[in-house]
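Here is how the chains run, residue by residue.
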Amino acid sequence: MSETMTITIDGREIQARPGQTILEAAEAAGVYIPRLCYMKGLTPHGSCRVCTVLVNGRPQSACTQPATPGAVIENDTERLLALRRNIIEMLFVEGNHFCMFCEKSGNCELQALAYRFGIPAPMYPYLWPKREVDASHPDVMVDHNRCILCARCVRASRDLDGKNVFQFVNRNGHKRVAVNAEARLGDTDLKVTDKAVAACPVGALLKKRVGYAVPVGKRLYDHEPIGSDIAAAHKK
Amino acid sequence: MSENLQTSVREICRACNNDRARMMDIVLAVQAKYGCVSSEAMDTIAKAVSTHRVEVESVVSFYAFLSSRPKGKVVIRLCNDVIDRMHGADRVAETFRQELGIGFGETTPDGQISLEYTPCIGMCDQAPAALVNDVVVTELHRSTAQHIVREINRHMDPRRLVTRLGDGNNAHQLVQAMVNNNIRKAGPVIFAPSDLGAGLAKALAMSPAEVIRDIKTARLRGRGGAGFPTGMKWEFARGANDQNRYVVCNADEGEPGTFKDRVILTERPELLIEGMAIAGYAIGASEGIIYLRGEYAYLRAFLEHMLNECRNWGILGQNIGGKKGFHFDIRIQMGAGAYVCGEETALLSSCEGLRGDPKNRPPFPAQKGYQSHPTIVNNVETFCCVTRIMDKGAGAFAQLGSSGSPGTKLLSVSGDCRSQGVYEVEFGIKLRDVLKMVGGEDAGAVQVGGPSGRMVGPDEFDRPICYDHLATGGALMVFGPECNVVDIARQFMEFFVEESCGYCTPCRVGNVLLKERLEQILAGRGEREDLAYLQELGETIKTMSRCGLGQTSANPVLSTIQSFPAAYEALLKDTRTDGFRPTFDIGAALGEAQAIVGRRSVHFAD
């Protein structure tokens, strides 16, 4: 419909539509920009910073930055990969992530990114925060140990479910997801079928009684690194 | 009781038109009345303004001056920034602890008095200082701290702690503060005598486009620190396709070591208000907001009075200066203890009654700012410059200072020097000359621009203060030749760790990691690789963070490594040859087990 514009990503010219973000335009052209807080269908948040690219030399989060005519974007450079890797490692040491027995293992976007970036163990010291588990809801549990504060549940509940079950409280490293009740998830009107539950990229929001149902080898990221589908979809 | 609370909270909400956007005013009023915004109060507010309870909790839990748990009727907040500690804040802290019998972060068992630390309250020139509720107490030492506790215990009235009044308007009936202005050097722009209304009258004789042209001709740049060209910002806002525009003054002077806006607000508020009115005329706005940091609440009544005076004088109001259709008025929005709200988009979030999270850019405030309308946000000092440019002419202003940085700059000078206070100097002055002027010739290091600026050593003292060399929002913290720059950097990191809003990963986590490694180094556990580690980590935070806070928070570390490598070298151990680093002390970790079994490990005897 509307006119397209040309932008350049890592030397390759691609077409973008007005209103598209750099991340969306890249994805449509089969270029994967690593991301974590971004989720299709939700208002971009720009908080994880994993999708940071250089736009005409300036760092910007690709998920919030609109494509502009002639923009020259660097994405897959050694330096950016190193910086993103640092960010991913920060997320690992900030929480308490035990992939080996986490129900989300194999389907977890954080874990999958770590594999894609070849991170065997973080170089930063673990911060070992004391965080809580809330299992008060009959069908859903919250394990704050694994929360990466991406706001996907916050946005999905507000914008897709129309409920505002989740919101952030506190600031700095004490920031956490709170629920719209005195304290417990069980006292909110969250339903297991809410989009907010499925929006969690890690094992912080989990459906009860379905853990480990998918055997190793058949999980989402068992065979191909996260993001492989984007390039593959474009080839077809 | 609970009926009463609900009724009274509902009344507070009604007084704010049950407007969710006025959440800050609502929660501040509830906090003032009940000493906290309790769970019940949050429920009541949520119902009254038609939002979700968790949204209220989200706001309350963000700001340091708000609390969901009850605090004492009197809250003593001792400033613990670097300068206050240099002047003995730790001894004062000890006295408060002893006299009150509680630690920091605690409330006396009778629920009367709470004791807390707070970052810079804008009183570095008269440190150590504290806030006792809204009342500022300065130049504290052991005996005054003891006196404060005894007095408060006796009458619970912080206002009665003010036994001497400061100079100038600090003695004004509506201020009544012991704060001193400490204006050491008055310059031609801010502190020279002014002809009230003359700048505005001259602006109104021109077209708005001409006013903007003059601001551009004067090459005025933002005085808050970032240095964005003011005229360009105004032009963007004026050009935005939305008639509902706003002028916002950033009076959230939170950068540790900065206190010049405090002095402008006390002595030159009319210059500021007039500048905002000129801005309103130039961009086509009818509403202005002064976002006043919570720490300066003691100036609020006075500023409200000055706004009224300006209405009487015809600087604010309807058809100003006889100009048909030019209406402009200003309201004050109080902050509640959050450094990040000095970042312009976080400030707007706060004005909208939200957490002080910065917003994603684009859109920029000049396109979509306050309530999604075109908004200019400028520093207190910038608006004062505007008034003077209009009055004395762009040419006269541009002749002051250096070519790339016209005009004067207010410097807030504190620390290890003879005359702490505010100096109005022309841009381009060498740091060495400033040090001579303030009696800090033997400085070993100067933090230029506060923690988010940079630490410079004697070999850089010949650099000029201006946007292109040593840029600063105004803070100069002077440290003596014996100072420990690594420990100062650690203290600054402590500040950033606390004040990060937590929105983005690099700032929320990275600053904690920087602080951790500095602590290791200071504890004698540092290794040579740590320098590269700190630099890479610092660069990551700088490059990947979402707003100015994270983009500058690593500066204390990066600039001290750059300018004071010897200070780090002296603390580092020789590299281990195996490339491993011990992350814990195995001897200490085995201590408990050894105590239980009653014998020592044969492998880790030490």
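Note that the coordinates shown come from a computational prediction; the quantities given were computed from them, not determined experimentally.

Moving on to the overall build of chain A. Broken down by element type, chain A carries six helices and ten strands. Projected onto its principal axes, the C-alpha positions of chain A cover 50 × 40 × 35 Å. Looking at chain A as a whole, 55% of its 236 residues are labelled buried. Total accessible area on chain A stands at roughly 11,100 Å², and carbon and sulfur atoms take up 54% of it. Between the centroid of the 31 positive side chains of chain A and the centroid of its 25 negative side chains there is a distance of 1 Å.

Residues and elements named next belong to chain B. Its domain assignment divides chain B into domain 1 (2–60), domain 2 (74–163), domain 3 (184–399), domain 4 (408–479) and domain 5 (485–569). Here the C-alpha centroids of domain 1 and domain 3 sit 30 Å apart. Of the residues lining the interface, eight residues belong to domain 1; the matching set on domain 3 comes to 13 residues. Across the domain 1 to domain 3 interface the summed buried area is about 780 Å²; carbon plus sulfur atoms make up 50%. Taken together, the connections running from domain 1 to domain 3 amount to zero salt bridges. Across the contact surface, domain 1 and domain 3 share four residue pairs in polar contact (both at pLDDT 80 or more). Elements with a contribution of two residues or more to the side of domain 1 that touches domain 3: helix 2 (23–34) and helix 4 (53–60). Examining the composition of the side of domain 1 that touches domain 3, we find that four residues originate from one element, helix 2, more than from any other. Grouping the amino acids of the side of domain 1 that touches domain 3 by side-chain chemistry returns five nonpolar, one polar and two charged.

Moving on, we get to the pattern of salt bridges. Residues and elements named next belong to chain B. By the definition in use, this model includes 50 salt bridges over all chains. Between lysine 233 and glutamate 344 there is a salt bridge; the shortest N-O distance is 3.6 Å. Of this pair, lysine 233 sits in helix 10 (residues 230–239) while glutamate 344 sits in helix 14 (residues 344–351), and the two are 111 residues apart along the sequence. Look at lysine 233 and you get buried, because its relative accessible area is 14%. A salt bridge links arginine 517 to glutamate 516, with the shortest nitrogen-to-oxygen separation between them at 3.4 Å. Like arginine 517, the residue glutamate 516 is buried in the burial classification. One network of salt bridges, in which partners are shared, links Lys260, Asp261, Glu381 and Lys409.

Residues and elements named next belong to chain A. Assigned domains within chain A: domain 1 (5–76) and domain 2 (99–207). Taking only C-alpha atoms into account, the centre of domain 1 sits 26 Å from that of domain 2. Counting residues at the interface gives 14 residues for domain 1, matched by 18 residues for domain 2. Of the roughly 1,100 Å² buried between domain 1 and domain 2, counting both surfaces, carbon and sulfur atoms make up 66%. Where domain 1 packs against domain 2, one counts zero salt bridges. The interface formed by domain 1 and domain 2 includes five residue pairs in polar contact (both at pLDDT 80 or more). Grouping the constituent residues of the side of domain 1 that touches domain 2 by class yields nine nonpolar, four polar and one charged.

Time to look at the sheet that holds strand 13 (residues 445–448) of chain B. Residues and elements named next belong to chain B. One open sheet accounts for six strands, arranged 6-12-11-15-13-14; its pairing is mixed. One side of each edge strand has no neighbouring strand; the edge strands of this open sheet are strand 6 (183–185) and strand 14 (454–456). Adjacent strand axes in the sheet meet at a mean angle of 30 degrees when their direction is disregarded. Note that strand 6 and strand 12 (residues 421–426) share two bridges and pair parallel.

Calculation rules
- Residues numbered from 1 in each chain as written.
- Chains lettered and ligands numbered in written order.
- Predicted model: local features only at pLDDT ≥ 70, side-chain atom pairs only at ≥ 80, totals over all residues.
- Heavy atoms only, no water.
- Helix = DSSP H or I, 4+ residues; strand = E, 2+ residues; numbered from the N terminus.
- Buried < 20%, exposed > 50% of the residue type's maximum accessible area, 1.4 Å probe, protein only.
- Areas by Shrake-Rupley, 256 points an atom, 1.4 Å probe, with all protein chains shown as cover.
- Lys, Arg positive; Asp, Glu negative; His and termini not counted.
- Charge placed at Lys NZ, Arg CZ, Asp CG, Glu CD.
- Domains from an automatic or database assignment.
- Contact = heavy atoms within 4.5 Å.
- Buried area = accessible area lost by both parts, 1.4 Å probe.
- Salt bridge = Lys/Arg side-chain N within 4 Å of Asp/Glu carboxyl O.
- Polar contact = N/O pair within 3.5 Å; in protein donor to acceptor, adjacent residues only side chain to side chain.
- Nonpolar A, V, L, I, M, F, W, Y, C, P; charged D, E, K, R; others polar.
- Pairing = 2+ DSSP bridges.
- Axes fitted to C-alpha atoms, helices over the stretch in contact; angles between N-to-C directions.

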